[in-house]
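Secondary and tertiary structure notes
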Amino acid sequence: MEQQTEITAAFIGVARHRLRRDGKGVTTLAAFHSCSLHCKYCLNPACLDNKRAFPQYTPQQLYDKISIDNLYFLATGGGVCFGGGEPLLHADFICRFREICVEDWKITLETALNVPLENLKTAAAVSDAFIVDIKDCNDAIYQLYTGKSNHLSLSNLEWLLQNAGAERITVRVPLIPDFNTEEDRQRSVEQLQSMGVKQLDLFTYKVSK
Ligand code: SF4
């Protein structure tokens, strides 16, 4: 009989007791290493660091670590937020974790959506909520800031809006010093609203120069 290899993934951190920051209720943030983008002011630069060794967990090992907060999750309607890095590079890991974890835990994905649609489809099928970091809808600004085009992110967002529903999606639109302006951001907001986005989180990156 063929033996199944257990999935593992590297994590830059696991942060407990995050209240209403990464989803409803008490949430544990599990931050994957690695990302498909290279943002100039990456909020979690460790996820792009390939020189350090980060802890590796199987879905079961991560579950064992996180389940210490089971009662908090159940009492508040919380659960786990997969972030990073880019969690959608680990869609199979997230599916396996969902199979193992308590049914009532909520799974939230914090993602830039700049991944193949198949990855999104796989993870979306087992997730409850989505925090989408869209950065800027202007492709030239996006490319300067992240090193890649935003076409994939925006087409994936269309798919997600149609298939998960706008109520489950929050789109984050930052003001990025030296990269976009209030006017650029307003244009992004209008484009996102015309796509059907209902929940927006507008904020400003704090950059130390
Ligand atoms: S998408 Fe997020 S994790 Fe990835 S490089 Fe940009 S800020 Fe960093």
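Okay, so let's go over this structure.

Conventions we followed
- Residues numbered from 1 in each chain as written.
- Predicted model: local features only at pLDDT ≥ 70, side-chain atom pairs only at ≥ 80, totals over all residues.
- Buried ≥ 20, exposed ≤ 12 C-beta atoms within 10 Å, placed from the backbone.
- Helix = DSSP H or I, 4+ residues; strand = E, 2+ residues; numbered from the N terminus.
- Pairing = 2+ DSSP bridges.
- Arc of directions from axis to C-beta.
- Contact = placed C-beta atoms within 7 Å.

1. Focus: the pairing of strand 4 (residues 79-83)
A large share of strand 4 lies buried, amounting to five of its five residues. Pairing of strand 2 (residues 26-32) with strand 4, which is carried by five bridges, proceeds in the parallel orientation. Along strand 4, the bridge assignment pairs Ala-31 with Gly-83. Direction of pairing for strand 4 relative to strand 5 (residues 106-111): parallel, over a ladder of four bridges. Note that in strand 5 the partner of Cys-81 across the bridge is Thr-108.

2. Quick word on helix 5 (residues 139-146)
Quick reminder: α-helices carry 3.6 residues per turn. Residues three or four places apart thus point the same way. Listed as buried for helix 5 are Ile-141, Tyr-142, Tyr-145 and Thr-146. Looking straight down helix 5, one finds that the buried residues subtend no more than 105° of arc, so they occupy a single side. Just downstream of helix 5, Gly-147 is the residue with a positive phi angle, here 90°.

3. Some remarks on helix 4 (residues 117-124)
Every buried residue of helix 4 is accounted for by Asn-119, Leu-120, Ala-123 and Ala-124. The buried residues of helix 4 occupy one face: seen down the axis, they fall within an arc of 120°. The inward-facing, buried residues of helix 4 contact helix 3 (91-100), strand 5 and helix 6 (151-164).

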